Amino acid sequence: MTGAPRPRPEVLRIDAYVGGESKLPGVNRIIKLSSNEGAFGVPPGAAAAYARVAADLHRYPDGGSLGLRRAIGARFGLDPARIVCGTGSDELIQHLCHAYGGPGTEIIMSMHGFTMYQVAGTYAGSRVLKVPERALTADVDLLLGAVSAATRLVFLANPNNPTGTLLAPAEVARLRRGLPPEVLLVLDAAYAEYVGRPEYDPGVALVDAGDNTVMLRTFSKVFGLAGLRVGWAYAPPGVVDVLNRVRGVFNINLAAQEAAVAALAEPGWVERSRAHNTEWRARLAAALTDAGLKVWGSEGNFLLADFGTVARAAAADAALRQSGIIVRSMVPYDLGHCLRITIGTAEECTLVAERIAAFMAGPRADG
Ligand SMILES: *Cc1c(COP(=O)(O)O)cnc(C)c1O
């Protein structure tokens, strides 16, 4: 035997996740609209809590995140015993795939679902099936049609990233009813706070109704703490038990726990963020439509704008970069003719709309 250590073969089938970029060489002022972070920065109370904790950093955090789970429970009306915190919801996605998937099993997601499901599922050794959508929206009949005896998990981001599309509660319930009881349904509601439909349920009712549905949430979007990495699951007791066996013992660091509790307590933060997002999502969509683009209806804090061809989307991306504006290429999602644009501040939305309108009116939009 010669040579270097080799990982399990499925590891090398994973394409490393490409996050939104944040720097452009030679550009001083960057407008970053590439990762769906909240428009208003860090909640002031969370920044203060983060600073306060500096004197205590020699202490281990509470491994059970009890204070944070209690605060989440109080805020959302949930039993803290049914909540598990993760180092971002990404950590929980990883653990669910490893704990319930593995070699010989299958994991189902929709064609343009969140790529972390594919990364985590492949790493776990599962076969990840990407099921076609209708109008960039997950289709319950097609998802159910992909189920086999090997299926262990179904992931649904609702609203979905990067498409912004939403499945109605009756459709999500029909998905759950159609799945075998031993298949775990993971409802990823990272953008729940931005949804404007009164009938929307991020998944609480389905989690409560059985022992095979999990809801995932995050502090990375509306709560403005993406850099601290905090997510959480609301899950049936059996899944809570599994996650607590496999998660990092001190997975939520001290600063993250304190800041997240303070973010939940920030007065009016979510309401103000949601109102801003609803207003500027509509304004930006209208401006981009006026500029000649097709814009998908979004329930999140981002828009998916269709430039018609991959070449035109790439040229628009390049033009935006020249103005210091970073949006998200959709090439890794097989939607290379689209760009995903996060709803930023009023000024940022105005600037990106102006720049795209100028691009569409110019010669490079012909490609
Ligand atoms: C942003 C996002 C998350 C959040 O991930 P974290 O690890 O909590 O930052 C989860 N799911 C989807 C669909 C997302 O877009």
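Just so it is clear, the model here is predicted, and its values are computed rather than measured.

J.: Teacher, can you tell me more about the environment of Phe 250 here?
T.: Within the secondary structure, Phe 250 is located in the loop between α8 (237–246) and α9 (254–265). Sequence spacing of Phe 250 and Gly 63 is 187 residues, and the spatial spacing of their C-alpha atoms is 4.4 Å. For Phe 250, the residues in contact, after removing those within four places along its chain, are Tyr 60, Pro 61 and Gly 63.

J.: Can you help me understand the domain arrangement of the chain in this one?
T.: A common way to report how large an interface is uses the accessible area buried once the components associate. If you check the domain split of the chain, you get domain 1 (19–41 + 269–366) and domain 2 (44–265). Between the C-alpha centres of domain 1 and domain 2 there is a distance of 26 Å. Every contact between the two is made by 25 residues of domain 1 and, on the other side, 28 residues of domain 2. Summed over both sides, the interface of domain 1 with domain 2 buries roughly 2,200 Å², with 60% coming from carbon and sulfur. Seen at the junction of domain 1 and domain 2, the total is one salt bridge. Arg 197 serves as the salt-bridge partner of Glu 299, at 2.9 Å between the closest nitrogen and oxygen. For the interface between domain 1 and domain 2, the tally reads ten residue pairs in polar contact (both at pLDDT 80 or more).

J.: Please explain the packing of aromatic side chains as it appears in this structure.
T.: Enumeration over the complete set of coordinates arrives at seven aromatic pairs. Judged by centre distance (4.5 Å) and plane angle (15°), the rings of Tyr 117 and Phe 155 are stacked. One end of the pair, Tyr 117, is in helix α4 (residues 115–124); the other, Phe 155, is in strand β5 (residues 151–157), and 38 residues separate them in sequence. By relative accessible area, which is 1% here, Tyr 117 ends up buried. Judged by relative accessible area, Phe 155 falls into the buried class, the value being 2%. The interplanar angle of 70° and the centroid separation of 5.0 Å between the aromatic rings of Tyr 191 and Phe 302 together place this pair among those described as edge-to-face. One end of the pair, Tyr 191, is in the loop between β6 (184–188) and α7 (204–209); the other, Phe 302, is in strand β10 (residues 302–306), with 111 residues separating them in the sequence. Of the two residues examined, Tyr 191 and Phe 302, each falls in the buried class. An aromatic cluster is present here, built from Phe 114, Tyr 117 and Phe 155 joined pairwise through their rings. Its guanidinium or amino end placed over the ring of Phe 76, Arg 217 lies 4.8 Å from that ring's centre, counting from NZ or CZ. Over the ring of Trp 296 we find Lys 294, and its NZ or CZ is 4.2 Å from the ring centre.

J.: Got a minute to help me understand the layout of surface pockets in this structure?
T.: Over the atoms rolls a probe the size of a water molecule, and its path tells where empty space is left. When its volume is computed, the largest pocket comes out at roughly 430 Å³. Lining the largest pocket we find 24 residues, and of these Tyr 17, Ser 35, Phe 114, Ser 220 and Lys 221 sit closest to its centre. Looking at the lining of the largest pocket, the element that brings in the most residues is helix α3 (residues 88–100), giving three residues. Here the lining of the largest pocket spans two domains, and each of domain 1 (19–41 + 269–366) and domain 2 (44–265) adds at least three residues to it. Its boundaries defined by the atoms lining it, the second largest pocket holds a volume of some 330 Å³. Along its surface, the second largest pocket is lined by 16 residues, and Arg 13, Ile 14, Asp 15, Gln 118 and Val 119 are the ones closest to its centre. Looking at the lining of the second largest pocket, the elements with two or more residues in it are α4 and β4 (127–131). Among the elements that line the lining of the second largest pocket, the one with the most residues is α4, at four residues.

J.: Honestly, the nonpolar core in this entry has me stumped. Any pointers?
T.: Generally speaking, a soluble globular protein has its nonpolar side chains buried in company with each other. Ranked by internal contacts, the top residues of the largest apolar core, which has 32 residues, are Ile 93, Leu 96, Phe 155, Val 214 and Leu 216. Among the secondary structure elements, those contributing two or more residues to this core are α3, β3 (106–110), α4, β5, β6, β7 (213–218) and α8. Counting residues domain by domain, this core receives three or more from each of domain 1 (19–41 + 269–366) and domain 2 (44–265). Discounting residues that sit within four places of it in the chain, Ile 93 has contacts with Phe 114, Met 116, Tyr 117, Ala 120, Phe 155, Asp 188 and Leu 216. By size, the runner-up hydrophobic cluster in this structure holds 31 residues, among which are Val 207, Phe 223, Tyr 234 and Ile 252.

Analysis parameters
- Residues numbered from 1 in each chain as written.
- Predicted model: local features only at pLDDT ≥ 70, side-chain atom pairs only at ≥ 80, totals over all residues.
- Heavy atoms only, no water.
- Helix = DSSP H or I, 4+ residues; strand = E, 2+ residues; numbered from the N terminus.
- Contact = heavy atoms within 4.5 Å.
- Domains from an automatic or database assignment.
- Buried area = accessible area lost by both parts, 1.4 Å probe.
- Salt bridge = Lys/Arg side-chain N within 4 Å of Asp/Glu carboxyl O.
- Polar contact = N/O pair within 3.5 Å; in protein donor to acceptor, adjacent residues only side chain to side chain.
- Phe/Tyr/Trp six-rings, centres within 6.5 Å; stacked < 30°, edge-to-face > 60°.
- Buried < 20%, exposed > 50% of the residue type's maximum accessible area, 1.4 Å probe, protein only.
- Lys NZ or Arg CZ within 6 Å of the ring centre and 35° of its normal.
- 1 Å grid on protein atoms, 1.4 Å probe; cavity = no way out; pocket = protein on both sides within 12 Å on 5 of 7 lines; lining within 4 Å.
- Points joined across faces, edges and corners; volume = space filled by probe spheres on them.
- Core = buried A, V, L, I, M, F, W, Y, C linked by side-chain atoms within 4.5 Å.

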